[in-house]
Amino acid sequence: MPVEAEEAIAPEAVLDVLEAEAIHVLREVAGAFRRPVLLYSIGKDSSVLLHLAIKAFAPGPVPFPVLHIDTKWKFREMIDFRDATARRLGIDLRVHTNEDGRAEGVTPFTHGSHEYTRIMKTVALRQALDAAGFDAAIGGARRDEERSRAKERMFSLREPGHRWEPRKQRPEFWRSANTELAEGQTMRVFPLSNWTELDVWRYIKREAIPVVPLYFAKPRPVVERDGALIMVDDDRYPLHEGERPEERLVRFRTLGCYPLTAAVESKAETLDELIDEMRADRRSERAGRLIDGEGGKSMESKKTEGYF
Amino acid sequence: MTLVDAAPLRAGHRPVSVLRLIACGSVDDGKSTLIGRLLAETGSVPDDQLDYARRTRRGGSTVPVGEVDYSLLTDGLEAEHEQGITIDVAYRHLDLPSGRRVIIADAPGHEQYTRNMAVATSTADVALLLVDATKGIRAQTRRHLAVCALMGVRTVIAAVNKLDARGYDHVLYEELAGGVRSAAARFDVEDVEVIPVSALGGDNVITGSAKMPWYHGPTVLGALSAWRPPEHEPADDGGFRLPVQYIVRADDFRGFAGTVVGGSLRPGDPVVVAGSGAASTIATVRGPDGPVDRADPDMPATVTLADEIDVRRGDLLTTPPATSGDLEPATAFSAHLVWTADEPLAHGRSYLLLAGPLTVPAVVTTIRGKLDVNSGEQLAARTLGINDIGTVELTTNSPVSLDRYATSRDTGSFLLVDRVSKDTVAAGMVRHPLRRGTNIVPHDYAVDRAARSRLKGQRSRVLWLTGLPGAGKSTIADALERRLHSMGLHTYVLDGDNVRSGLNKDLGFTPEDRAENVRRVAETARLLLDAGLIVVVALVSPFRSDRMVAKSLFDAGDFLECWVDTPAEVCAERDPKGLYAKAKAGKIPNMTGVGQGYEEPEQPDLVVNGAGSLEDTVAELVSKLV
Ligand SMILES: Nc1nc2c(ncn2[C@@H]2O[C@H](COP(=O)(O)OP(=O)(O)O)[C@@H](O)[C@H]2O)c(=O)[nH]1
């Protein structure tokens, strides 16, 4: 093998390859499926996905709608950002909430985080996909998020009822995808599979993609629960007797429902500081998500139920 | 070497900022330990996972608690193992000090090993091959090399591992290195680096080893950093390849979007649609950030053309003339198949062939043999089962333009998909085209079906009776034909048993033979339809997909699928040919309804009750036919 002097490779070049791969997948979805939809969680990965979709089809419009599953427990800043983004980009944003769950009074406090997530996110997503007859749902999941995701397909097949059936998953060769669906089957597609968390932030910086300000450090009112810092975003949060939220300089690594998303103490107020901090802080990204830990439930079993 | 024809050349254009690596080794060769160490020492593992690998111990581990057991870092999939979930291929990332990203594909499966390795190698530039020094070179090593070569991996980094357990023996290393090189040479893999390592001790993984002063080559990390794609000759015509994925429309913009998979394209370049031959000139090229003056391989591009020509998703835009060389459209190909489905290949059954964004029906017409991955020999084969690698010939319903796999992994590869289940049943690599579509120009005869039908004063059609043995298909066909004949109409009956005594007497009753039986009967019915006749087919035809294929040969309205729906008990009781009795006695293993299932039609054009009045049935069918 030819051994040559090592030459430095710019991170840009890696981003170009990842971008090309994601655009290829997005175009394939738009070309092959009848009714695709982009799942928009308002987080950094979704923001990147949306940006890539705009690039993939320019100068034409993004040829599919964007769907947000609103549990009604998202950070308020997330909802503001979502609506501003939809206006800014002129995209077809659809919002769905599981109204049955709401009517039954399902909250993270009354039903436990796992059951709450199942009803307000998993079931809600199924409702929304079924109602519109979407046959392909694009999501922003990455293989580096958790060790068990390393084996995830880019095109993940769901059986009728959105069941994830390990035995039915298709082998993925080259850059070809088998996008054919049998009766009742649907597809979940993950164009960012090969991106790392750092890639996402570098790309956000390079492309100047707006993200929710919650990712940056700011004094925010938090309480401590089981070692996790929870931001008290509104007066629905049940405080213990005599407990008062205290202002701390915090930011969020991932965004979800505010009572279930732990903040990290941080001084990173800008993208550059955030990227530097990320390089130094070496914990898994999902360490800040409370639902992953509960009851020993693996990501796997949640996925079998249809959690994204 | 006969089995591998050549290796992809286009890979040479890939950007080297990302290196795709396949890791292969047998269980316990130390693959997890080696990958774990590469990940950890390049800073690719979060601290909490390192902590886990310090605290946790699995049976057999000799690593003291408190130190990192590197084999646990790639693990995380144990839970799935226990739940019986098969892991096919796991992907992990690391960044080399140079900034190069390495994407490692790890195929740990045992049962589905060939299939999973084929998946992982399909995109790989380099293979990292583990050889356990305490065990030597085994059949597995040759098998890994065979699959790498077949799928076009041109560079192998072989890590001779566990040398610590053999006293860092230089002679042993030289012996194994020679063995790896000669095994690789058998499969025409020339770019081989053999590195003596101890994954456990970290010798020659990231840094060199004082314990092996006799070794002067690169470490594993060094070899990955130094890798350059092999030099390749350009494709036959040196042209670009842009498979069209999507058509972008905006105000007065009509652009064809896809990923450039070979060559470069620029505004002003002449362009032709492979297949149709429609030609134009590239007007503009857009990259991800807007207009560009050139698009290179692996780049997303959207092109507009100077002329309004017909271009659809699945078309291949290329440099003219696309009528020479491999891109000349053909309807028959020789190819290697890696069979990936539990259900074996059915000779004569129609599958969907997916080549990038293009989809066409295709039939495997001949199985030339299958590869014995351990010996590298070609064996005779009647069918292909899961994990088999076969050499086959296949024909497509319409002409397609495919490269040889040796020219391009993208435009020289395809998937075969089952028409009903939609499962991917095989991955295919084109060896070469066999029959040029342009050589067969159907002759248009002046006397055609319409003329023949007119003369007979009837509309020709095919009525396909399907149902269990004993359902009454032959009885109905006979009564129906007599009635039509008495009405002065021209008819013909193709009866399963009668056809099997002549045209199909070489066929048995396995699913493959049944598929071929149905195909021949359907083609015959098509000829008779063209002759202007009303054709009644009486054939068990138990498999849905076979009937779908039959139907797909005809225009809508010309073919009526009629299900003779008779309860199974009634059929068994009637048993006009004594078949049920024999099957029960175990004398007919593949009897439909006993040993093999009958797949009921989901949307038949007609359903008749085979246990009802024959007269009513015939009257109903006549009303549908005339
Ligand atoms: N002596 C020695 N043992 C090793 C070395 N690498 C791995 N092993 C041991 O071999 C066994 C299997 O290793 P593992 O990495 O799990 O193998 P895998 O099945 O190929 O992933 C473990 O007990 C390791 O500790 C090595 O370089 N030297």
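The sections below set out a description of the structure shown in this document.

Analysis parameters
- Residues numbered from 1 in each chain as written.
- Chains lettered and ligands numbered in written order.
- Predicted model: local features only at pLDDT ≥ 70, side-chain atom pairs only at ≥ 80, totals over all residues.
- Heavy atoms only, no water.
- Helix = DSSP H or I, 4+ residues; strand = E, 2+ residues; numbered from the N terminus.
- Buried < 20%, exposed > 50% of the residue type's maximum accessible area, 1.4 Å probe, protein only.
- Contact = heavy atoms within 4.5 Å.
- Pairing = 2+ DSSP bridges.
- Axes fitted to C-alpha atoms, helices over the stretch in contact; angles between N-to-C directions.
- Core = buried A, V, L, I, M, F, W, Y, C linked by side-chain atoms within 4.5 Å.
- Buried area = accessible area lost by both parts, 1.4 Å probe.
- Salt bridge = Lys/Arg side-chain N within 4 Å of Asp/Glu carboxyl O.
- Polar contact = N/O pair within 3.5 Å; in protein donor to acceptor, adjacent residues only side chain to side chain.
- Nonpolar A, V, L, I, M, F, W, Y, C, P; charged D, E, K, R; others polar.
- Near = heavy atom within 4 Å.
- Areas by Shrake-Rupley, 256 points an atom, 1.4 Å probe, with all protein chains shown as cover.
- Expected span 1.5 Å × (residues − 1).

**Things to note about the overall build of chain A**
Line of reasoning, step 1. When helices and strands are tallied, chain A shows 9 helices and 11 strands.
Line of reasoning, step 2. Looking at the 308 residues of chain A, the share that counts as buried comes to 60%.
Line of reasoning, step 3. Considering only intrachain contacts with a sequence separation of at least 6, the fraction spanning at least 24 residues in chain A is 74%.

**A closer look at the sheet that holds strand β2 (residues 66–69) of chain A**
Residue and element names in this part refer to chain A.
Line of reasoning, step 1. Overall, mixed pairing links the 7 strands, which are arranged β3-β2-β1-β4-β7-β5-β6 in an open sheet. Lying at the two open borders of the sheet, with one neighbouring strand each, are β3 (93–96) and β6 (163–164).
Line of reasoning, step 2. One ladder, built from 2 bridges, connects strand β5 (residues 155–159) with β6; its direction is antiparallel. Among the inter-strand pairings, Glu 159 is bridged to a residue of β6, identified as Arg 163.
Line of reasoning, step 3. On top of the sheet, helix α1 (residues 11–32) reaches β1 (36–39), β4 (136–138), β5 and β7 (186–189); it is set at about 155° to β4, its chief contact.
Line of reasoning, step 4. Its contacts with the sheet put helix α2 (residues 44–57) on β1, β2 and β4, and the angle it makes with β1 is roughly 140°.

**Thoughts on the nonpolar core**
Grouped burial of nonpolar side chains is what soluble globular proteins tend to show.
Line of reasoning, step 1. Core analysis: the largest hydrophobic core is formed by 171 residues, its most contacted members being A:Val48, A:Leu52, A:Phe155, A:Trp195, B:Leu128, B:Met151 and B:Leu163.
Line of reasoning, step 2. For this core, the element with the highest residue contribution is α1(A), accounting for 10 residues.
Line of reasoning, step 3. If you look at the next biggest cluster of nonpolar residues, it comprises 29 residues, including B:Ala479, B:Ile534, B:Leu560 and B:Leu621.

**Examining the interface of chain B and chain A**
Line of reasoning, step 1. With 86 residues of chain B at the interface, the matching set in chain A holds 65 residues.
Line of reasoning, step 2. Roughly 6,300 Å² of surface becomes buried between chain B and chain A when both sides are summed, with 53% attributable to carbon and sulfur atoms.
Line of reasoning, step 3. At the boundary of chain B and chain A, one finds 8 salt bridges.
Line of reasoning, step 4. Residues B:Asp298 and A:Arg175 are paired through a salt bridge, measuring 2.5 Å at the closest nitrogen-oxygen approach.
Line of reasoning, step 5. Applying the counting rule to chain B against chain A returns 22 residue pairs in polar contact (both at pLDDT 80 or more).
Line of reasoning, step 6. The residue inventory of the side of chain B that touches chain A, partitioned by class, reads 41 nonpolar, 24 polar and 21 charged.

**Quick notes on the pairing of strand β2 (residues 90–95) of chain B**
All names here are of chain B.
Line of reasoning, step 1. Counting buried positions along β2 gives 5 out of 6 residues, so the element sits mostly inside the fold.
Line of reasoning, step 2. Where β2 and strand β3 (residues 101–106) come together, 6 bridges link them in antiparallel fashion. Residue pairing in the sheet places Asp 95 in a bridge with Arg 101 of β3.
Line of reasoning, step 3. In sequence, β2 turns back onto β3 through a hairpin of 5 residues, with Gly 99 there showing a positive phi of about 100°.

**Here we look at the site of the ligand**
All names here are of chain B.
Line of reasoning, step 1. Taken together, 16 residues lie around the ligand, and Asp 28, Lys 31, Ser 32, Thr 33 and Asp 164 are the ones closest in.
Line of reasoning, step 2. Between the ligand and Gly 30, the relevant distance is 3.0 Å, taken from an oxygen atom to a main-chain nitrogen or oxygen of the residue.
Line of reasoning, step 3. Take Lys 162: an N or O atom from its side chain is 3.2 Å from an oxygen atom of the ligand.
Line of reasoning, step 4. For the ligand, whose unbound accessible area comes to 580 Å², protein coverage reaches 83%.
Line of reasoning, step 5. No other element matches the 3 residues that helix α1 (residues 31–41) contributes to the shell around the ligand.
Line of reasoning, step 6. Here the shell around the ligand is composed, by residue class, of 4 nonpolar, 7 polar and 5 charged.

**Side note on helix α5 (residues 139–151) of chain B**
Residue and element names in this part refer to chain B.
Line of reasoning, step 1. Under the 1.5 Å per step criterion, the end-to-end length of α5 is 19 Å for 13 residues, consistent within 8% with the ideal 18 Å.
Line of reasoning, step 2. Along α5, the positions that sit buried rather than exposed are Thr 141, His 144, Leu 145, Ala 146, Val 147, Cys 148, Ala 149, Leu 150 and Met 151.
Line of reasoning, step 3. Immediately beyond the C-terminal end of α5, within one or two residues, lies Gly 152, with a positive phi of roughly 90°.

**Quick notes on the pattern of salt bridges**
Line of reasoning, step 1. Scanning all chains against the criterion turns up 66 salt bridges over all chains.
Line of reasoning, step 2. One salt bridge connects A:Glu115 with A:Arg118, and the closest N-O pair in it is separated by 2.9 Å. Here A:Glu115 pairs with A:Arg118, and both are found in helix α5 (residues 108–132), just 3 residues apart, close to one helical turn.
Line of reasoning, step 3. For A:Glu115, a relative accessible area of 27% corresponds to the partly exposed category.
Line of reasoning, step 4. Put simply, B:Arg368 and B:Glu393 hold a salt bridge, and the shortest N to O gap is 2.7 Å. Separated by 25 residues along the polypeptide, B:Arg368 in strand β17 (residues 358–371) and B:Glu393 in strand β19 (residues 389–400) bring together distant segments of the chain.
Line of reasoning, step 5. Judged by relative accessible area, which is 54%, B:Arg368 ranks as exposed.
Line of reasoning, step 6. Beyond isolated ion pairs, a larger network of salt bridges with shared partners links A:Glu12, A:Asp16, A:Glu19, A:Lys55, A:Arg206, A:Glu207 and B:Asp289.

**Regarding helix α4 (residues 113–122) of chain B**
In an α-helix, one turn spans 3.6 residues, which is why side chains three or four residues apart end up on the same side.
All names here are of chain B.
Line of reasoning, step 1. Burial analysis of α4 places 10 of its 10 residues in the buried class, which makes it a mostly covered element.
Line of reasoning, step 2. Those residues of α4 not exposed but buried are Tyr 113, Thr 114, Arg 115, Asn 116, Met 117, Ala 118, Val 119, Ala 120, Thr 121 and Ser 122.
Line of reasoning, step 3. Contacts made by the buried residues of α4 are with β1 (18–24), β2, β3, α5, β15 (330–339) and β19.

**Describing unusual backbone geometry**
Line of reasoning, step 1. Here the amide bond leading from A:Ala58 into A:Pro59 is cis, since omega sits at 5°, within 30 degrees of zero.
Line of reasoning, step 2. Here A:Asp226, not a glycine, exhibits a phi torsion of approximately 45°, which is positive.
Line of reasoning, step 3. Tracing the backbone shows A:Asp226 in the loop between β8 (218–225) and β9 (228–231).
Line of reasoning, step 4. Among the residues examined, A:Asp226 registers a relative accessible area of 85% and is labelled exposed.
Line of reasoning, step 5. The phi dihedral of B:Asp298 falls on the positive side, at around 75°, and the residue is not glycine.
Line of reasoning, step 6. Mapped onto the fold, B:Asp298 is located in the loop between β12 (290–292) and β13 (300–305).

**Description of the environment of B:Ala522**
Residues and elements named next belong to chain B.
Line of reasoning, step 1. If you trace the backbone, Ala 522 turns up in helix α11 (residues 511–530).
Line of reasoning, step 2. In the structure, Ala 522 is positioned 78 residues away from Glu 600 in sequence and 19 Å away in space, judged by C-alpha atoms.
Line of reasoning, step 3. In this structure Ala 522 touches Trp 464, Ala 550, Leu 553 and Phe 554, once residues within four positions along its chain are discounted.

That is the geometry; function is a separate question.
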